[in-house]
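Examining the three-dimensional arrangement
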Amino acid sequence: MALDSQAGMILLFGLGCIFFPAIFTLLCWGLQTHPNLRMERPEAVLVASKLVSSVQAVMASTAGYIVSTSCKHIIDDQHWLSSAYTQFAVPYFIYDIYAMFLCHWHKHQVKGHGGDEGGPPAPGSTWAVVRGYLYKEFLMVLHHAVMVLVCFPLSVVWRQGKGDFFLGCLLMAEVSTPFVCLGKILIQYKQQHTLLHKVNGALMLLSFLCCRVLLFPYLYWAYGRHAGLPLLAVPLAIPAHINLGAALLLAPQLYWFFLICRGACRLFRPRGSPPPSLDQPQD
């Protein structure tokens, strides 16, 4: 039985390793070769990476909804999709680190920091691009690394089949990602002045608040209702490492939400100011 479980985990992980890079490659090819699009490589890479992130987000939030609504007992009830999707999706975070770097690389080239006429970068500049990428996207790279190295083994091994409800709720945090991705694409095409950008920005703000910030108080409230405790008593009733883990997961969400709110304020600039755009986290 253990061998079957281990083989299934390896199979799902392997499928994820193939699925996300394959979709990215196919989208890049299609965006560059479609007769009505004919995007340049840097443009295609950016759009394809955001589309793949949106696909993963829809899959994750759908899986999360199915799991969380199926578990009536929030501690003991199990759903096969909770562990299965986690094992399938963890390669996405590895792939996305590379995809974000590829976007950064092409942006670096477009800005004229490469060789002559936009060719390959001068010798020794590759490490400079890598350092610039890690500096700019440090928090997102750290977030992805933690998801792979910490959250994945905890959710698959440490839980021992307990708390599928909470894992399902955490998967639903991805609801906000498609709005973040669309915002990035609209900014790339300088569509900050459009109604679509403003509507998408409002939906991004609302979904991020509900699914990534208020999610954590909701999880504490749900446990309190299960245990017969008031909300404020829950942190004292659960192990300290649970509180620490929740705080570490919440901290970057609060930072990114601050960036979104700061960008949203620009929507109210007086007429004649530069076109508004929402500061956004990466997907």
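Everything numeric in this text was worked out from a predicted model, so none of it was measured. (Residues numbered from 1 in each chain as written. Predicted model: local features only at pLDDT ≥ 70, side-chain atom pairs only at ≥ 80, totals over all residues. Heavy atoms only, no water.)

A few points about unusual backbone geometry
For R38, which is not a glycine, the phi torsion comes out positive at approximately 50 degrees. Tracing the chain through its elements places R38 in the loop between α1 (2–33) and α2 (41–70). (Helix = DSSP H or I, 4+ residues; strand = E, 2+ residues; numbered from the N terminus.)

Regarding helix α11 (residues 240–265)
Taking 1.5 Å of rise per residue, 26 residues should cover 38 Å, and α11 covers 37 Å from first to last C-alpha, within 8% of that figure. When we look at burial in α11, the residues that qualify are A246, P252, Q253, W256, F257, L259, I260, G263 and A264. On its buried face, α11 sits against α5 (138–158), α8 (195–213) and α9 (215–227). (Expected span 1.5 Å × (residues − 1). Buried < 20%, exposed > 50% of the residue type's maximum accessible area, 1.4 Å probe, protein only. Contact = heavy atoms within 4.5 Å.)

Some words on the pattern of salt bridges
On inspection of all chains with the given rule, the structure shows three salt bridges. A salt bridge links R159 to D164; its shortest N-O distance comes to 2.7 Å. Since its relative accessible area comes to 3%, D164 is described here as buried. (Salt bridge = Lys/Arg side-chain N within 4 Å of Asp/Glu carboxyl O.)

A word on the confidence of the model for the chain
Considering every residue of the chain, the mean pLDDT works out to 87; 87% of them sit at 70 or more. Throughout residues 114–119 the model reports pLDDT below 50, and contacts reaching past four residues in sequence, or to other chains, amount to ten contacts. (pLDDT = per-residue confidence, 0-100.)

Quick look at the packing of α8 against α9
Where α8 contacts α9, the two axes come as close as 5 Å, and the packing angle between them is 40 degrees. Considered as vectors, α8 and α9 are oriented oblique to each other. Packed against α8, whose contacting residues are C210, C211, R212 and V213, the element α9 presents L215, F216 and P217 at the interface. Of the residues that constitute the contact of α8 with α9, the class distribution is six nonpolar, no polar and one charged. (Axes fitted to C-alpha atoms, helices over the stretch in contact; angles between N-to-C directions. Parallel < 35°, antiparallel > 145°, perpendicular 65-115°, else oblique. Nonpolar A, V, L, I, M, F, W, Y, C, P; charged D, E, K, R; others polar.)

Side note on the side chain of Q253
Tracing the sequence through the fold places Q253 in helix α11. Reaching out from Q253, the side chain makes a polar contact with the backbone oxygen of L249 at a distance of 3.5 Å. Non-local contacts of Q253, meaning those with residues more than four positions away in its chain, are made with H143, F208, R212, V213 and F216. (Polar contact = N/O pair within 3.5 Å; in protein donor to acceptor, adjacent residues only side chain to side chain.)

Notes on the environment of C103
Residue placement: C103 occurs in helix α3 (residues 80–113). On the accessibility criterion, C103 (16% relative accessible area) is buried. In this structure, the C-alpha to C-alpha distance between C103 and P42, residues 61 residues apart in sequence, is 6.9 Å. In contact with C103, not counting residues within four places along its chain, are V45, L46 and S49.

Examining the nonpolar core
The biggest cluster of nonpolar side chains holds 39 residues, and the ones touching the most others in it are F24, Y85, Y95 and F165. A total of eleven residues in this core trace back to one element, the largest contributor, which is α3. Discounting chain neighbours no more than four positions away, the residues touching F165 are S68, C71, I74, Y218 and A222. (Core = buried A, V, L, I, M, F, W, Y, C linked by side-chain atoms within 4.5 Å.)

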